[in-house]
Structures are given as structure tokens and as C-alpha cells.
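# Structure assessment
Here is how the chains run, residue by residue.
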Amino acid sequence: MNATPAPAPSAAPPLPLRSLGGLPLVGVLPELQKDPLGVMERGTLNYGPMVRMPLPLGVEAFLISEPQLVEHVLVTNSRNYVKQTRGYEMLRKVLGNGLVTSEGDFWKRQRRIAQPAFHRERLFAFGETMTRAATDMVDGWKSGQTFDVADAFMRVTLRLVGETLLSSDVTSAASEVGQAITVALEHLIHRTLHPFSFPEWVPTPTNLAFKKALHQLDSVVMGMIATRREGKGPTNDLLAMLMEARDPETGEGMSDEQLRDEVMTIFLAGHETTANALAWTVMLLGKSPAVEQRLMKELNEVLGGRVPTMSDVPKLTYTAMVLKESMRLYPPVWSLARRVEEDDVVDGVVFPKGAIVFICPYALHRHPKYWKDPEAFDPERFAADAPPPTKGAYLPFSMGQRKCIGDTFAMVEAQLVLATVLQRMHLSLVPGQAFAPEPVITLRPLGGVKVVATKR
Ligand code: HEM
């Protein structure tokens, strides 16, 4: 790609560029291996707006924490910041060359094909499916029962992405898929942070477990495609759109391999993130009775005990504020990385070709320069009459052309699931849980979120 550097975001004098330190040869890798969130948070909060992050083998990396720089990388000059990084290389082992991982003209074409499946009018048709799945989930809970609500949300969001976009019933495979995803994601983050571990072909227990998990996921996804190739299933969902698409030049449709990559991408990106957002929200509500009361007031006023519908979504404003604030404190995608395609001069500092640029939404969302009392859970920050967040300082769905394709889908789904659940059940947190964030590609609550459900 021949990128043209855009003008620097400001004409400020060059910044003195500090370094996060680290050891010769390995840089900050040992620290990253121990505590990736901690390193990113320290770098973003204490060194900003841009700090050098030495990586092994002399790889140049920068962590940026200035919203304008974030916008420069993700929006203004995004063509110069590509997804050829170690993290994406690892992700490609599971997602192949799908929407999250592909680039250039190929990505553009695939995005154009998939986009109509996410149009608002189409989402409207999904409302009932979403509340039915949430209702089925709550029907399965007994009052007084203790369980991991993070796990329950994984299952319901998996079912929903399967039913709505791929018209496939994956409920029977939910446990197997859930476990396989956990094994795969843990393996990928481990390999991202441990570049000197055994190569994948060596039959270590973790390599073998990863292969098995990948095989399990592949069979579920290939099963969906095979059913469709037999002519079964609807003709208007996302999978149908992908299958009907023809290359404008060759007239050829997508190969099974390409379909597999797109379906696997939607399958994973479309449920794990929303499930985590919901789990963190229940955790935060459990610790903030005043916010929960205010939320219940809205649910009572808008719904009065009935199951929500799509027409209620615009009225569930406080519910949306709660979710936005939850994703501020615990953004499901906690870190983004890009590789510099061509030298770029930003604020007098050169981002050299080949360097890696990191952006950490988790840390940016807690930066005291952009958030008052950043650690407090305060949904009022997102009220319609509150000043909007600084552009580039709040990016749970990223920004620019590679912004999440499922952002509206996710918000609608989270609003409907949360409203359906909380109207029926009060969820109180089992005491003594640490709720440490576990950065495994997405940000999961380590050990889950154990709750006791009580019928309202
Ligand atoms: C709360 C829920 C969600 C969050 C926080 C989230 C966040 C994100 C973020 C930060 C990215 C950019 C990743 C990158 O730069 O590599 C992304 C991309 C993407 N997301 Fe989501 N996402 C969510 C839900 C969904 C859902 C429900 C779907 C689909 C049903 C989805 C599908 C995708 C896809 C396909 C991409 C790649 C888009 C592209 O590059 O063209 N996401 N998401």
C-alpha cells in the first residue's frame, strides 16, 4: 500500500520521547507477560502522550495516549497503519482472513458485502429473537440459585449470533464451543506474549489442546456452511449474503475457506465481546445499588413488567448509559495495535516504517485528563445533556473505517438482554470475588461473575 502521510495533528514542537525502559534484548516483554494491562496503563497514564515501548529483537513500538494521535492512527491516516502485527498474526490462526483480520481492497469488498446485514431495519427483525433467547435463559434460572452469569451471557450471545446472522442453532454445541474458544484465546494471547515458546508443530500439551479446539470450532462452522450448500436455510441472512456475493471481475463466489473465515469471525467477534460487556455490567451494578435502582426505575416506567421489544430500545436511555459506562471501565477490546506502513511524522516524532503502535482503550478510558473521577462508575457521563467524551478518548468499538461493524447490533442486544433479565431477576454478587480483568484478546472477568438470582 502506498500511504500518503497526513499532516501531523498539531504544529506543536517535537515531544521529548520517553521510554518505558525494560531490559536489553527483550525490552518490556517480561513485564508485558506478567501484567499486560498494568504496563499499558502505566505507559498511558504516566508517560503520555506517546512513549517508546521497547520490544524484543529491536522491534520499535510506541504506546499512544493522546486522543488526537489515536484519531490520526485510526482515522486520519489509517491507511498507513495496518494490521500486520504479531497479535493479528496469532488471531489469523483462528479467524483466517476474515473481516477483522483482512486488509486493503479485499477487506473493503468483504465489508461492503456484509454491511447490509447490520442495517438498522434488519436489526429490527432481530429484537424478538433476542428477547426470546434472554427469556429462555432466565426461565432456566431458579430463584436462590448461584451461578456464573458471565458463562450464561456467553451462551446466550453465542445463540443469538448463530440465530440472527447465520440462522443456525448452536445451543447444543454451546458448551463445547465455549470451552474451545477459551482454550483458543488463551493460547493466542500466550503465544503473542511469548514469542520464544515452542513452535506450533511441536506436540506440547498446549499446542495439542489448541489444535483440538480449532478443529472443534472448524467443524461447527463448516457444518453451518455445508447445510447451506445443500440448499437448506434462509436466503436473506448474513451467511446467505456472503454465499451469494460474486466477484465483479471473475463472477466467482467465495470458496468454502473464505466463507469459513468470515463465519468464524462473525461467530467469535459477534458474541464474546457482548457477553463480556454484559458480565462486567452485572458486576458493576452489583456494587452500585444506586445505579441499579435508577435502572430499575427506568425498566418499570418503560416496560412495566412486559418483555421489551425493539420499539422500546430508544426509550431505554439509562440502560444504554449504563452499558456505555460499563464499556468505559471494562472495554471488551482492551488494546489495539497497528504496524506503520511508511514513515510518518507525528508531532515532530517519526513513526518509522515497520514500528508497532499500541492504543489501550482500557487505559485511555481511565485517563484523568479526559475523565473526571475516572475510577467511579457513573452512567451520567453519557447522559444526553452531558458533554460528549473527548473524541479519541472513548473507543470501545474503535473508530475510523475499521470500526466495529456490529456496534449497533451489540448495543441493541445488550439493552434487550439486560432489560429482560433484570425485570425478572435481581442478581446479587456472591461475596469475596476479586473480579480481576483478564486480558485474553478480549477483557474477561477472571473466574467469571458469580451471582445469586432472586425472583423479583
Ligand atoms: C460490546 C460488543 C462489541 C465490542 C466492544 C466490539 C468491539 C470491536 C472493536 C474494538 C473492533 C475493532 C478491532 C480491531 O481494530 O481489530 C471490532 C471490530 C469488529 N467487530 Fe466488534 N465489537 C462488539 C460486538 C460485535 C458484534 C455483535 C459483531 C457482529 C455480530 C462484531 C463484529 C465485528 C467485526 C466483523 C469487526 C471487524 C470490522 C472491520 O474491520 O471491518 N462485533 N469490534
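Fair warning: this is a prediction, and the values are worked out from it, not measured in the lab. Within each chain, residues carry numbers counting from 1 in the order of the written sequence. Two thresholds apply to this predicted model, a pLDDT of at least 70 for residue-level local features and 80 or more for giving and counting side-chain atom pairs, whereas whole-chain, interface and lining totals are computed over all residues.

### What about helix α14 (residues 289–303)?
- Secondary structure elements are taken from DSSP: a helix is a run of H or I of four residues or more, a strand is a run of E of two residues or more, and numbering for both begins at the N terminus. One fewer than the residue count of a helix, multiplied by 1.5 Å, yields its expected span. The end-to-end C-alpha distance of α14 is 20 Å, a good match for the 21 Å that 15 residues give at a rise of 1.5 Å each.
- Contact definition: two residues whose C-beta atoms, as placed from backbone geometry, lie within 7 Å. Here the buried face of α14 lies against α13 (272–287), α15 (317–329) and α17 (407–424).
- After α14 finishes, the residue G304 shows a positive phi value of roughly 50°.

### Focus: the nonpolar core
- To define a nonpolar core, we join buried Ala, Val, Leu, Ile, Met, Phe, Trp, Tyr and Cys residues through C-beta atoms within 7 Å and take the resulting set. Between the buried cut of 20 or more and the exposed cut of 12 or fewer other C-beta atoms within 10 Å of a residue's own C-beta lies the partly exposed class, and all C-beta atoms are placed from the backbone. In terms of nonpolar packing, the biggest core is built from 121 residues, with V263, A279 and V357 touching the most fellow members.
- The element contributing the most residues to this core is α17, with eleven residues.
- Domain boundaries shown here were taken from an automatic or database domain assignment. Lining this core are residues from two domains, each supplying at least three of them: domain 1 (1–95 + 334–395) and domain 2 (105–326 + 404–456).
- Among all residues touching V357, those that are not within four sequence positions of it are F62, I64, V73, Y81, A337, R338, V340 and F351.

### Side note on the domain arrangement of the protein
- Domain annotation for the protein reports domain 1 (1–95 + 334–395) and domain 2 (105–326 + 404–456).
- Computed from C-alpha atoms alone, the centre-to-centre distance between domain 1 and domain 2 is 27 Å.
- Where the side of domain 1 that touches domain 2 is concerned, the elements lending two or more residues are α1 (29–34), α2 (36–47) and α4 (86–95).
- No other element matches α4, which puts seven residues into the side of domain 1 that touches domain 2.
- Residue classes in the side of domain 1 that touches domain 2 are distributed as 14 nonpolar, two polar and four charged. Classification used: nonpolar for Ala, Val, Leu, Ile, Met, Phe, Trp, Tyr, Cys and Pro, charged for Asp, Glu, Lys and Arg, polar for all others including Gly.

### Points about the sheet that holds strand β10 (residues 425–429)
- Pairing between two strands is assigned when DSSP locates at least 2 bridges connecting them. Pairing is antiparallel across the open sheet formed by three strands, whose spatial order is β5-β13-β10. Two strands lie at the open edges of the sheet, namely β5 (146–148) and β10, each paired on one side alone. Pairs of neighbouring strands in the sheet enclose a mean axial angle of 40°, with direction left out of account.
- One ladder, built from five bridges, connects β10 with strand β13 (residues 450–455); its direction is antiparallel. In the strand pairing of β13, M425 is matched with K455.
- Seen against the sheet, helix α8 (residues 149–165) touches β5, β10 and β13 and runs at an angle of roughly 55° to β5. Axes, fitted as lines to C-alpha atoms, cover a helix only where it is in contact. Angles between the N-to-C directions of the axes lie from 0 to 180 degrees.

### What to know about the sheet that holds strand β3 (residues 61–64)
- Across the sheet, six strands lie side by side as β1-β2-β3-β9-β6-β4; this open sheet has mixed pairing. Edge positions in the sheet fall to β1 (18–19) and β4 (81–82), since each of these pairs with one other strand and no more.
- Packing of α2 onto the sheet brings it into contact with β1, β2 (50–52), β3 and β9 (356–359), and relative to β3 it is tilted by some 65°.

### Looking at the packing of helix α10 (residues 205–229) against helix α12 (residues 256–269)
- Interhelical geometry of α10 versus α12 gives an angle of 115° and a closest axis separation of 9 Å. By the angle between their directions, the pair α10 and α12 is classed as roughly perpendicular. Here the hand of the crossing between α10 and α12 comes out right-handed. Between α10 and α12, the residues in contact are L217, V221, M222, M224 and I225 and D256, L259, R260, V263, M264 and F267, respectively. For this classification, under 35 degrees means roughly parallel, over 145 means roughly antiparallel, 65 to 115 means roughly perpendicular, and everything else is oblique. By definition, turning the near helix anticlockwise from the far helix through less than a right angle yields a left-handed crossing, and turning it clockwise yields a right-handed one.

### Regarding the site of the ligand
- The immediate surroundings of the ligand are formed by 24 residues, with G270, T273, C404, G406 and A410 found nearest.
- When contributions to the shell around the ligand are tallied by element, the ones reaching two or more residues are α8, α12, α13 and α17.
- Its residues placed into classes, the shell around the ligand shows 16 nonpolar, six polar and two charged. Each residue gets a C-beta atom placed from its backbone. Should that atom fall within 6 Å of a molecule or strand, the residue is termed near it.

### A closer look at α8
- Over its 17 residues, α8 runs 24 Å from end to end, which matches the ideal 24 Å to within 8%, given 1.5 Å per residue.
- Burial analysis of α8 places 15 of its 17 residues in the buried class, which makes it a mostly covered element.
- Just downstream of α8, S167 is the residue with a positive phi angle, here 45°.

### Things to note about the pairing of β3
- Taken together, the three bridges between β2 and β3 define a ladder with antiparallel strand orientation. Bridging from a neighbouring strand, R52 pairs with F62 of β3.

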